[in-house]
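Observations on the three-dimensional arrangement
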Amino acid sequence: LANLVDSTGAALWMNESGIYAFQGGVDYDGPTLEVASSHELVTYLRNKQWVIDLTEYQVEPQHYPGLTVPPDMLKRNLWLIVPLLLRDDLVGFVVLRNALAPAPVNWEVRDLLKTAGRQIASYLGVQQATEQLVQAQQFDSFNRLSAFVVHDLKNLVSQLTLLTENADKHRHNPQFQADMVLTVQNVLERMQGLLLQLRAGT
């Protein structure tokens, strides 16, 4: 986006659970504030789907009815705010620094930036969907592992319960004592195996 208009730097904000959070930038030293999804800036970008010229906004705010830009974004040499729209959803927005040489922001420039912004938003949407799928697969694996562990623990508890229930009755029986030691050793080995599986996540 910066290269399209010879901007000297850019920064990205993306929606994270209702907050548009700073994700990083290139040659950018401006504000990194969080912007709530209810903020007028977000509402304007989502509803108007319009590239904001911060220089024009400060000189002629009447061209941007209903818009309030966070004051921190007006203190530095920031120039344009470009919405990243996936259909009608505002995935995020990009803030561009001033150009190397002043240039008018006409409708052709705005349309070019909006189109590029939509393309970027589609890439980001695919990336987010992929991350969500990976997380869902990891959660499914965790559920399967948990079910296995719970089932195995129940079996181990049953064995120990049976031992304690018969201990008073057979404690002086050498054969029972030998079986008890073997059972406890077996339970211990299986529990150690479960711990290793949990640590490995498999």
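Here's a quick rundown of the structure. Given the structure is predicted, the values throughout are model-derived calculations rather than measurements. (Residues numbered from 1 in each chain as written. Predicted model: local features only at pLDDT ≥ 70, side-chain atom pairs only at ≥ 80, totals over all residues. Heavy atoms only, no water.)

1. Considerations on the sheet that holds strand β4 (residues 52-53)
Here we have six strands laid out as an open sheet, ordered β3-β2-β1-β6-β5-β4, and antiparallel in their pairing. Of all the strands in the sheet, the pair left with one neighbour each is β3 (35-36) and β4. Against the sheet, helix α1 (residues 40-48) makes contact with β2 (19-26), β3, β4, β5 (78-86) and β6 (89-97), and its axis sits at roughly 110 degrees relative to β6, the strand it touches most. (Pairing = 2+ DSSP bridges. Helix = DSSP H or I, 4+ residues; strand = E, 2+ residues; numbered from the N terminus. Contact = heavy atoms within 4.5 Å. Axes fitted to C-alpha atoms, helices over the stretch in contact; angles between N-to-C directions.)

2. Points about the nonpolar core
W13, L41, I52, L67, M73, I81 and F93 are the most contacted members of the largest nonpolar core, which has 22 residues in total. Counting residues per element, the ones that place at least two in this core are β1 (10-16), α1, α2 (54-59), β5 and β6. Top contributing element to this core by residue count: α1, with four residues. The contacts of L67, once residues within four sequence positions are left out, are E40, L41, Y44, I52 and Y57. V51, L80, V109 and A121 belong to the second-largest nonpolar core, a separate cluster that totals 18 residues. (Core = buried A, V, L, I, M, F, W, Y, C linked by side-chain atoms within 4.5 Å. Buried < 20%, exposed > 50% of the residue type's maximum accessible area, 1.4 Å probe, protein only.)

3. A closer look at the packing of aromatic side chains
Taken as a whole and assessed by the stated rule, the structure comprises seven aromatic pairs. Both rings, one in W13 and one in Y28, keep their centres 6.2 Å apart while their planes meet at 90 degrees; by these two values the pair is edge-to-face. On the criterion of sequence distance, the pair formed by W13 in strand β1 and Y28 in the loop between β2 and β3 is long-range, its members being 15 residues apart. Looking at W13, the relative accessible area reads 0%, which means it is buried. Three or more aromatic residues joined by ring pairs form one cluster here, namely W13, Y20, F22, Y28 and F93. (Phe/Tyr/Trp six-rings, centres within 6.5 Å; stacked < 30°, edge-to-face > 60°.)

4. Thoughts on a nonpolar patch on the surface
Where nonpolar side chains cluster on the molecular surface, the patch consists of L160, M180 and V184 and spans about 210 Å² of accessible area. The residue L160 is located in helix α3 (residues 107-170) in this model. (Patch = residues over 30% accessible without salt bridge, like charges linked within 9 Å, V, L, I, M, F, W, Y side chains within 5 Å. Areas by Shrake-Rupley, 256 points an atom, 1.4 Å probe, with all protein chains shown as cover. Salt bridge = Lys/Arg side-chain N within 4 Å of Asp/Glu carboxyl O.)

5. Quick look at the side chain of T183
Within the secondary structure layout, T183 lies in helix α4 (residues 174-200). At a separation of 2.8 Å, a polar atom in the side chain of T183 contacts the main-chain carbonyl oxygen of D179. Excluding residues that lie within four positions of it along the chain, T183 makes contacts with Q159 and L163. (Polar contact = N/O pair within 3.5 Å; in protein donor to acceptor, adjacent residues only side chain to side chain.)

6. Some remarks on the pattern of salt bridges
Under the criterion given, the structure shown has two salt bridges. For R110, the salt bridge goes to E56, with nearest N and O atoms at 3.3 Å. With R110 in helix α3 and E56 in helix α2, this residue pair connects regions lying 54 residues apart in the sequence. R110 sits in the buried class, given a relative accessible area of 5%. Of the residues examined, E56 reaches a relative accessible area of 22% and is grouped as partly exposed.

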